[in-house]
Amino acid sequence: MEVIIKANYDEISLEAANYVKRLVQNKPNCVLGLATGSTPLGLYKELIRMHREEGLDFSKVYTFNLDEYYGIPHSHEQSYHTFMQENLFQHINVQPERIHVPSGTAEDVKAFCQWYEDEIKRLGGIDLQILGIGRDGHIAFNEPGSSLGSRTRIKTLTQETIEDNARFFGSKDLVPRYAVTMGVGTIFEAKEIILLANGANKAETIAKAVEGPVTAQVTASILQLHPNTIFLLDEAAASKLERNDYYKWVYENKPRHT
Ligand code: F6R
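Residues numbered from 1 in each chain as written. Predicted model: local features only at pLDDT ≥ 70, side-chain atom pairs only at ≥ 80, totals over all residues. Heavy atoms only, no water.

Topic: the site of the ligand
Part 1 of the reasoning: Of all residues adjacent to the ligand, which total 14 residues, the nearest are Thr39, Asp67, His138, Ala140 and Lys202.
Part 2 of the reasoning: Contact between the ligand and Lys202: an oxygen atom at 2.7 Å from a side-chain N or O atom of the residue.
Part 3 of the reasoning: Starting from 410 Å² of accessible surface for the ligand in isolation, the protein chains cover 91%.
Part 4 of the reasoning: Looking at the shell around the ligand, its residues break down into four nonpolar, seven polar and three charged. (Near = heavy atom within 4 Å. Polar contact = N/O pair within 3.5 Å; in protein donor to acceptor, adjacent residues only side chain to side chain. Areas by Shrake-Rupley, 256 points an atom, 1.4 Å probe, with all protein chains shown as cover. Nonpolar A, V, L, I, M, F, W, Y, C, P; charged D, E, K, R; others polar.)

Concerning the packing of aromatic side chains
Part 1 of the reasoning: Counted according to the given criterion, the structure contains nine aromatic pairs.
Part 2 of the reasoning: On the basis of an interplanar angle of 40° and a centroid distance of 5.7 Å, the ring pair of Phe112 and Trp115 is categorised as tilted. In this pair, Phe112 and Trp115 both sit in helix α4 (residues 109-122), three residues apart, roughly one turn of the helix.
Part 3 of the reasoning: Aromatic side chains Trp115 and Tyr116 sit 6.4 Å apart centroid to centroid with 50° between the ring planes, which places their arrangement in the tilted category.
Part 4 of the reasoning: Judged by its relative accessible area of 41%, Trp115 is partly exposed.
Part 5 of the reasoning: The buried category is assigned to Tyr116, whose relative accessible area is 0%.
Part 6 of the reasoning: An aromatic cluster is built from Phe64, Phe112, Trp115 and Tyr116, whose rings are joined through pairwise contacts.
Part 7 of the reasoning: Of note, Arg22 hangs over the ring of Tyr19, and the distance from its end group to the ring centre comes to 4.9 Å. (Phe/Tyr/Trp six-rings, centres within 6.5 Å; stacked < 30°, edge-to-face > 60°. Helix = DSSP H or I, 4+ residues; strand = E, 2+ residues; numbered from the N terminus. Buried < 20%, exposed > 50% of the residue type's maximum accessible area, 1.4 Å probe, protein only. Lys NZ or Arg CZ within 6 Å of the ring centre and 35° of its normal.)

Structure, rendered in structure tokens:
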């Protein structure tokens, strides 16, 4: 686990985009795991810029999104299908048949979730998973109490998550109560993971996830056990980490051969 602390949101977005760029250049048919929410918007803007101005080619890339609300159509303006189209997919040359976003309308949800898991495996597993983190410590929609071994499934959202997302729906009564989400176990199998967090309102959660005990009450804490995870934080999100100075020291003194 590596903790990288940058001055601000733009810097973490650029750093994350450079990781994605290197992967796409080295492995054009890589499998990217993608997140929605406010946090990765800067990363997506930078990837769009890299595509337009530097010709970064996504034509062979596969993508899997973490989650989707259950019970709203894909065409809904707040669905994660719509979010991904508007904020990334329609601006780069990723091929529609290589895009995977969980279905929020599958009648047989269990069968769909199994298919999603199988599809990730069939394509060789996720090379790089991008994550945000909820204030309750969730990754994807794995709310507190989710099994650390869980797989893709339907989950009931917590009231805190519903309140946090009410800003997009206009009212918390309009926020769906369920989501189809990759499990903690699914995410843990990604070869590389970058968790992005910015802003003071994430500081306490980040401290728990990075320096607290590994617990299903903070599902992001499982990343402490992952061999290839980076917490990419701005100063505000890192402000409650006890070993803040050490993480900076490590980053500044990184051995050249790694
Ligand atoms: C989104 C997702 C969620 C968000 C988290 C943080 O696909 O899986 O876990 O990453 O809720 O959301 P923001 O970035 O809006 O603070």
